[in-house]
Amino acid sequence: MKKILLGLCLSIAFLSAKAQNTARVMTYNLRLDVASDGENRWDKRKELLANQVRFYEPDFMGVQEALPQQMHYLDSTLVAYDFIGVGRDDGKEKGEFSAIFYNKSKYKVIQQSTFWLSQTPDKPGLGWDAACNRVCTYGLFENLKTKQKIWVFNTHFDHVGKVARMESSKLILAKIKELNKQNLPFVLTGDFNLTEDNESIQRIVTELNDSKKVAKLVYGPDGTWNAFDFSKPVTERIDYIFVPKKGVTVNKYATLSDNKNGRYYSDHLAVLTDLTFDK
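This write-up is about the structure you can find in this document.

Rules and cut-offs
- Residues numbered from 1 in each chain as written.
- Predicted model: local features only at pLDDT ≥ 70, side-chain atom pairs only at ≥ 80, totals over all residues.
- Heavy atoms only, no water.
- Helix = DSSP H or I, 4+ residues; strand = E, 2+ residues; numbered from the N terminus.
- Rg over C-alpha atoms; globule rule 2.2 N^0.38 Å.
- Buried < 20%, exposed > 50% of the residue type's maximum accessible area, 1.4 Å probe, protein only.
- Contact = heavy atoms within 4.5 Å.
- Pairing = 2+ DSSP bridges.
- Axes fitted to C-alpha atoms, helices over the stretch in contact; angles between N-to-C directions.
- Salt bridge = Lys/Arg side-chain N within 4 Å of Asp/Glu carboxyl O.
- Polar contact = N/O pair within 3.5 Å; in protein donor to acceptor, adjacent residues only side chain to side chain.
- Core = buried A, V, L, I, M, F, W, Y, C linked by side-chain atoms within 4.5 Å.
- Expected span 1.5 Å × (residues − 1).
- Phe/Tyr/Trp six-rings, centres within 6.5 Å; stacked < 30°, edge-to-face > 60°.
- Lys NZ or Arg CZ within 6 Å of the ring centre and 35° of its normal.

## So, the overall build of the protein
Moving on, step 1. Within the protein one finds six helices and 15 strands.
Moving on, step 2. A compact globule built from 279 residues should have a C-alpha radius of gyration of about 19 Å, and the protein, at 19 Å, falls within 12% of that.
Moving on, step 3. C-alpha atoms of the protein, sized along the principal axes, occupy 70 × 45 × 35 Å.
Moving on, step 4. A burial count over the protein gives 51% of its 279 residues as buried.
Moving on, step 5. Excluding contacts between residues fewer than 6 apart, the proportion of contacts in the protein whose partners are at least 24 apart in sequence is 72%.

## Points about the sheet that holds strand β9 (residues 208-210)
Moving on, step 1. The strand order β5-β6-β7-β8-β11-β9 describes an open sheet built from six strands, whose pairing is mixed. Both edges of this open sheet fall to β5 (107-116) and β9, since each of them pairs with a single strand only. Pairs of neighbouring strands in the sheet enclose a mean axial angle of 20°, with direction left out of account.
Moving on, step 2. Inspection of the sheet shows β5 paired to strand β6 (residues 135-143) by nine bridges, in the antiparallel sense. Looking at the pairing, F115 lines up with C136 of β6.
Moving on, step 3. Against the sheet, helix α4 (residues 162-179) engages β5, β6, β7 (149-156), β8 (186-191) and β9, with an angle of about 140° to β5.

## Regarding the pattern of salt bridges
Moving on, step 1. Taken as a whole, this structure holds 16 salt bridges when the rule is applied.
Moving on, step 2. Here R134 and D158 are joined by a salt bridge, their closest N and O atoms 3.2 Å apart. Linking R134 in the loop between β5 and β6 with D158 in the loop between β7 and α4, this pair joins segments that are 24 residues apart in sequence.
Moving on, step 3. Owing to a relative accessible area of 6%, R134 belongs among the buried residues under this scheme.
Moving on, step 4. Residue E167 pairs with K170 through a salt bridge whose shortest N-O separation is 3.5 Å. You can see E167 and its partner K170 sitting in helix α4, three residues apart, about one turn around the helix.

## Quick word on unusual backbone geometry
Moving on, step 1. Not every positive phi belongs to a glycine, and E65 is a case in point at roughly 65°.
Moving on, step 2. For E65, the location among the structural elements is in the loop between β2 (60-64) and α3 (68-77).
Moving on, step 3. Unlike most non-glycine residues, A227 shows phi in positive territory, near 55°.
Moving on, step 4. If you trace the backbone, A227 turns up in the loop between β10 (217-219) and β11 (239-244).
Moving on, step 5. Residue A227 is classed as partly exposed on the basis of its relative accessible area of 38%.

## Focus: the side chain of T114
Moving on, step 1. The residue T114 is located in strand β5 in this model.
Moving on, step 2. Of the polar contacts made by the side chain of T114, one reaches the side chain of T137; its length is 2.8 Å.
Moving on, step 3. Setting aside residues up to four positions removed in sequence, T114 forms contacts with G85, V86, V135, C136 and T137.

## Structural notes on the nonpolar core
Moving on, step 1. Of all hydrophobic cores here, the largest spans 24 residues; its most connected members are M26, Y28, L30, L49, M61, V63 and L74.
Moving on, step 2. At the level of elements, β1 (22-29), α2 (42-56), β2, α3, β12 (248-256) and β15 (270-277) are the ones that each hand at least two residues to this core.
Moving on, step 3. By residue number, the principal contributor to this core is α2, which donates five residues.
Moving on, step 4. Among the nonpolar cores identified, the runner-up in size contains 22 residues, and L117, L188, I204 and L208 belong to it.

## Some words on α2
Moving on, step 1. Given a rise of 1.5 Å per residue, 15 residues ought to cover 21 Å, and the 20 Å separating the end C-alpha atoms of α2 matches this to within 8%.
Moving on, step 2. Following α2 by one or two positions, E57 adopts a phi angle in the positive range, close to 50°.

## Topic: the packing of aromatic side chains
Moving on, step 1. Under the criterion given, the structure shown has 15 aromatic pairs.
Moving on, step 2. With a centroid separation of 5.8 Å and 75° between ring planes, the pair formed by F192 and Y240 is classed as edge-to-face. In this pair, F192 is assigned in the loop between β8 and α5 (199-205) and Y240 in strand β11, connecting sequence segments 48 residues apart.
Moving on, step 3. On the basis of relative accessible area, F192 is assigned to the buried category, the value being 0%.
Moving on, step 4. Looking at Y240, the relative accessible area reads 1%, which means it is buried.
Moving on, step 5. An aromatic cluster is present here, built from F60, Y102, Y107 and F141 joined pairwise through their rings.
Moving on, step 6. The cationic tip of K175 hangs over the ring face of F115; the distance from NZ or CZ to the ring centre is 5.5 Å.

## Remarks on the environment of L269
Moving on, step 1. Considering the arrangement of structural elements, one finds L269 in the loop between β14 (263-264) and β15.
Moving on, step 2. When its relative accessible area of 3% is taken as the criterion, L269 is described as buried.
Moving on, step 3. When neighbours within four sequence positions are excluded, L269 is seen to be in contact with Y28, P221, G223, T224, N226, V234, T255, L256, S257 and Y264.

Any functional reading would require information that these geometric values do not contain.
In structure tokens form, the structure reads like this:
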């Protein structure tokens, strides 16, 4: 009888671990903090945005356009989370972050760093024909219960440089291969400043899946960039979550059009995915 009970307990433990072999991943361009945004400036929407994140409870959230004061606010408000990432202008606190917030009660960081989308990725600087410094922050995380490991990469492509965007795609794909020697599950999140028909996005999807295209359930507007204009449909998609061709199942994909009284929380809509890992 004891052997039967022990076997039953082990089976339940195995199934429980397998059931937790999942992650909820969000990407969110916060819109930087500028006074010229008027009624849409950060101070008027930061609490709504933070509450939105708390409501959806992503395990990981890649953010873009996050200035130091925005990072400090989210870090102090989202108490269930820690983050990795640095400012793109000095590798410390200066400039926008492409940081990754993670639920610290579920995951721990095994490895993390940031590289610049340039010919000299190990130090701050402009790449190719880019208008701004651009970075990719990444981390290897371990689930505290299941010990499942996952790589998370988060980036923000240049909005001008055509060469920079193509070279950034190549650089990130090469970095993923370089780091992920164990063929672990991974995700690539970000604001790519490009629609899906662009050659730089097409370069990425030669090796990765666009989560929206392979999701079992898709919900929300077609686009992700709303320009703070609630009167028009959101049709332009420039924010993405990419996953490997194998090993990750996208159960749900949503573009979150949450608002209050006709005002969005950012000029981008957050993208949310529920993922299952095959191993």
